[in-house]
Amino acid sequence: MIQHKKQSADAKTKPLTGVRVLDMTHAYSGPFCTMHLADQGAEVIKLEVPGKGDQSRGWAPFKNGASGYYAYINRNKFGLTLNLKTEEGKAIFKKLIKEVDVVCENFRVGTMEKLGLGYDVLKEINPSLIYASISGFGLEGPEAERPSYDLIAQAMGGLMSMTGEKGHIYKVGSSIADNYSGTYLSLAIVMALFQRERTGMGRRVDVSMVDTIFSILEMGAMYYTLNGNIVEPVGNRTLSVTPCDIFEAADGQFVLVCGTQRFWRSLCSVMGQPELADDPRFADNKLRCEHPDELKTTIESWSRQHRLDELEELIVGAEIPFGRIADTKGACENPVIKRRHMLWEIDDPAMGGTISMPGTPIKIHGCEDRPLRPAPALGQHTDDILKEIVHLTEEEIARLHEEGVI
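If you're wondering where the values come from, they're calculated on a predicted model, not measured in any experiment.

(A) Local environment of the overall build of the protein chain. Broken down by element type, the protein chain carries 17 helices and 15 strands. Looking at the protein chain as a whole, 45% of its 406 residues qualify as buried. Of the contacts formed within the protein chain by residues at least 6 apart in sequence, a portion of 68% connects residues at least 24 apart. For the protein chain, the exposed area adds up to about 20,700 Å²; of that, 54% sits on carbon and sulfur atoms. Each charge class in the protein chain can be summarised by its mean position, and for the 45 positive and 56 negative side chains these summaries are 2 Å apart.

(B) Quick peek at the packing of aromatic side chains. Under the criterion given, the structure shown has 8 aromatic pairs. Centroid distance Trp264 to Phe282: 6.2 Å. Interplanar angle 75°. Geometry classified as edge-to-face. Of the two residues, Trp264 sits in helix H10 (residues 261–270) while Phe282 sits in the loop between H10 and helix H11 (285–290), which places them 18 residues apart along the sequence. The exposure classification of Trp264 matches that of Phe282, with both residues buried. One aromatic cluster is present, formed by Tyr28, Phe32, Trp59 and Tyr69 through successive ring pairs. For the cation-ring pair, Arg57 lies above Tyr70, with the distance from its terminal atom to the ring centre recorded as 4.0 Å. Directly above the ring of Phe137 sits Arg146, whose terminal nitrogen or CZ lies 5.2 Å from the centroid.

(C) Up close: helix H1 (residues 29–39). Where burial is concerned, most of H1 is hidden: 11 out of the 11 residues are buried. The set of residues buried in H1 consists of Ser29, Gly30, Pro31, Phe32, Cys33, Thr34, Met35, His36, Leu37, Ala38 and Asp39. Just downstream of H1, Gly41 is the residue with a positive phi angle, here 105°.

(D) Examining the layout of surface pockets more closely. Considering only enclosed or pocket space, the largest pocket measures out at about 550 Å³ in volume. Lining the largest pocket are 18 residues, with Glu48, Val49, Lys52, Lys85 and Phe107 positioned closest to its centre. No other element matches strand E2 (residues 43–48), which puts 3 residues into the lining of the largest pocket. Counted by class, the lining of the largest pocket contains 7 nonpolar, 6 polar and 5 charged residues.

(E) Broad picture of a nonpolar patch on the surface. A cluster of nonpolar side chains, namely Tyr149, Ile152 and Met156, defines an oily patch on the protein surface of about 290 Å² accessible area. Within the secondary structure, Ile152 sits in helix H6 (residues 150–156).

(F) The pairing of strand E12 (residues 252–257), seen in detail. With 6 bridges connecting them, strand E11 (residues 244–249) and E12 associate as antiparallel partners. Residue pairing for E12: Phe247 is matched across the bridge by Phe254. Connecting E11 to the next strand, E12, in antiparallel fashion are 2 residues. Here 3 bridges tie E12 to strand E13 (residues 322–324), and the two strands are oriented antiparallel to one another. In the sheet register, Leu256 faces E13, and the bridge partner there is Phe322.

(G) Broad picture of the pattern of salt bridges. Counted by the stated rule, this structure contains 24 salt bridges. Salt-bridge contacts for Lys296 lead to Asp245; the nearest nitrogen and oxygen are separated by 3.6 Å. Taken together, the positions of Lys296 in helix H12 (residues 292–303) and Asp245 in strand E11 put the pair 51 residues apart, joining distant regions of the chain. What makes Lys296 partly exposed here is its relative accessible area of 26%. Across the pair Arg265 and Asp278 runs a salt bridge whose closest N-O atoms are separated by 2.8 Å. You can see Arg265 sitting in helix H10 and its partner Asp278 sitting in the loop between H10 and H11, a full 13 residues away along the chain. Given the relative accessible area of 39%, Arg265 is considered partly exposed.

(H) Structural context of unusual backbone geometry. In this model, Ala60 is joined to Pro61 through a cis peptide bond whose omega is 5°. Residue position: Pro61 is located in the loop between E2 and strand E3 (62–63). Positioned with a positive phi, Asn64 is a non-glycine residue whose angle comes to about 60°. By the secondary structure assignment, Asn64 is in the loop between E3 and strand E4 (66–67). The backbone phi angle of Asn76 is positive, close to 65°, even though this residue is not glycine. On the basis of relative accessible area, Asn76 is assigned to the buried category, the value being 2%.

Reading guide: rules and limits
Residues numbered from 1 in each chain as written. Predicted model: local features only at pLDDT ≥ 70, side-chain atom pairs only at ≥ 80, totals over all residues. Heavy atoms only, no water. Helix = DSSP H or I, 4+ residues; strand = E, 2+ residues; numbered from the N terminus. Buried < 20%, exposed > 50% of the residue type's maximum accessible area, 1.4 Å probe, protein only. Contact = heavy atoms within 4.5 Å. Areas by Shrake-Rupley, 256 points an atom, 1.4 Å probe, with all protein chains shown as cover. Lys, Arg positive; Asp, Glu negative; His and termini not counted. Charge placed at Lys NZ, Arg CZ, Asp CG, Glu CD. Phe/Tyr/Trp six-rings, centres within 6.5 Å; stacked < 30°, edge-to-face > 60°. Lys NZ or Arg CZ within 6 Å of the ring centre and 35° of its normal. 1 Å grid on protein atoms, 1.4 Å probe; cavity = no way out; pocket = protein on both sides within 12 Å on 5 of 7 lines; lining within 4 Å. Points joined across faces, edges and corners; volume = space filled by probe spheres on them. Nonpolar A, V, L, I, M, F, W, Y, C, P; charged D, E, K, R; others polar. Patch = residues over 30% accessible without salt bridge, like charges linked within 9 Å, V, L, I, M, F, W, Y side chains within 5 Å. Salt bridge = Lys/Arg side-chain N within 4 Å of Asp/Glu carboxyl O. Pairing = 2+ DSSP bridges.

Take a look at the structure:
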């Protein structure tokens, strides 16, 4: 089951094959990070508390009593249970540290240190270890030990204040602080592994969820730092490009973006109003951004006369960015999603059969674009891991089960 270290490679070999990751993360941000690594070939060992497991095992949606939330972000991993509050559990953990390349955790800051398993301890055991952390607010400062979830980060990082309409602010629909933080950390891990390949040096890397949200405010922070302006929510528009919005058709809604003068002039021609391109209110992007409501009214006076099929043919035919607004059913059934193999089929015994889940958007040409295994049952691979990596005997493993260590 367990494979590790350098192997011969060809085009079919996934880029992280041979990298071993000890995944101590829970909830969403951390497992989303290690999911990326597992999808690209890393051997990810998910460590959970015996008899309890990751909190996301209890999160909807459910099928056959099992969590689809957990199944999605923990596919392609191996399952290990270990009680780190016991001395034997800590001893086994330290043996594992000698055999892994990466440790990833998203506990509340200070938890690993309280267990006696902080970075300063682990780097002495394995100097080339990459130790990766996600936290709400960073590893230092008065906020460091505060717990956090996506909603907290979206609020404190500035994103919620920009989302929605004036007087009505909203969170972004998905848990974007978790998604981005997990993806940032996976990138940081790969960067550290690349440097270690050249130098042999281990690293500590950390990502804060509030930092993450602040980093993706686009021009929100720059409006303030450059000119002292505080960005308010503007609905579905943007402050930098106009037109960029939702528009009404005769039978629904659509979006379009004219990010260049060429797109804008093409749209004016499609609307049968080429003179509009030089209207003093709309002649360049800066002017259009100063008159968004007037421009939207002008475009919709035309678009409301046409059905979506006709608008798509006209606008896409003019090579202007256009999109229909899909619900989750529409997105799952979108030919682009299917063609890009963005829904993976996987046989998951916990779900009672085959299920579909979002695949990876990272396409490594030549590698199989499919899942290798479903998310592990709690402790599913514990015995194999302890035999093959820690080299315990069957008798020792049986005793550890009896004593609640594993």
